[in-house]
Amino acid sequence: KIDRNQVMHAVVNIANNAIIAMNGSGTLVFRTGQKDAFVFIEVKDTGPGIPPDQRDIIFEPLYSSKPKGTGLGLPIAKTMIENQDGRVEFESELGEGTVFRILVPVHRKSS
């Protein structure tokens, strides 16, 4: 009982960021599954990774590390997933890439 359009939009925003980060060269892998009370979608790239000094601010509106970025993709993705009672997590290693994980509960809270 989730809004599939919001989840898909969040995945597309994250995937687009990954594609841009890889700058025309690399691998993008999607993985899905269930862990405990959550289903997840992972988006893994082989880009340059997120520098440690940017990791705390990547979800802030209008922050972008890209010259022509709006800084809205990740904040919108995070908000859309939080609207589904879920969360967005990530792990990143410089020079090796980043994994974003969207987690949505199997059973949503009643409104």
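Throughout this document, residue positions are counted from 1 along each chain, in the order its sequence is written. Per-residue local features are limited, in this predicted model, to residues with pLDDT of at least 70; the limit for side-chain atom pairs, both in listing and counting, is 80 or more; totals at the level of whole chains, interfaces and linings are taken over all residues. Side-chain descriptors were evaluated using all non-hydrogen atoms of the structure, hydrogens and water having been removed beforehand.

**Points about helix α1 (residues 4–22)**
Note the following rule: Counting from the N terminus, the helices are DSSP H or I runs at least four residues long and the strands are E runs at least two residues long. A helix is expected to span 1.5 Å multiplied by its residue count minus one. Burial classes: relative accessible area under 20% of the type maximum marks a residue as buried, over 50% as exposed, and values in between as partly exposed (1.4 Å probe, protein chains only). It only takes one pair of heavy atoms within 4.5 Å for two residues to be counted as in contact. Side-chain atoms alone can form a polar contact between residues adjacent in sequence; in general such a contact is a pair of N or O atoms within 3.5 Å, and within protein one must be able to donate a hydrogen while the other accepts it.
Between the first and last C-alpha of α1 there are 27 Å, a value that for 19 residues agrees with the 27 Å anticipated at 1.5 Å per step. Listed in full, the buried residues belonging to α1 are V7, A10, V11, N13, I14, A15, A18 and M22. For α1, the secondary structure elements touched by its buried residues are β1 (28–35), β2 (38–45), α2 (73–82), β3 (87–93) and β4 (97–105). One side-chain oxygen of the residue at the start of α1 lies 3.0 Å from the amide nitrogen of N5, identifying that residue as D3. Immediately beyond the C-terminal end of α1, within one or two residues, lies N23, with a positive phi of roughly 50°.

**Looking at the nonpolar core**
Operational definition: Throughout this description, the term nonpolar core refers to a set of buried Ala, Val, Leu, Ile, Met, Phe, Trp, Tyr and Cys residues connected via side-chain atoms within 4.5 Å.
Counting residues in each nonpolar core, the largest one holds 16 residues, and the members touching the most others are I14, I81, V88, F100 and I102. Elements with a contribution of two residues or more to this core: α1, α2 and β4. Ranked by residues supplied to this core, first place goes to α1 with 5 residues. Discounting residues that sit within four places of it in the chain, I102 has contacts with A10, V11, I14, V39, F40, I41, I81, R87 and V88.

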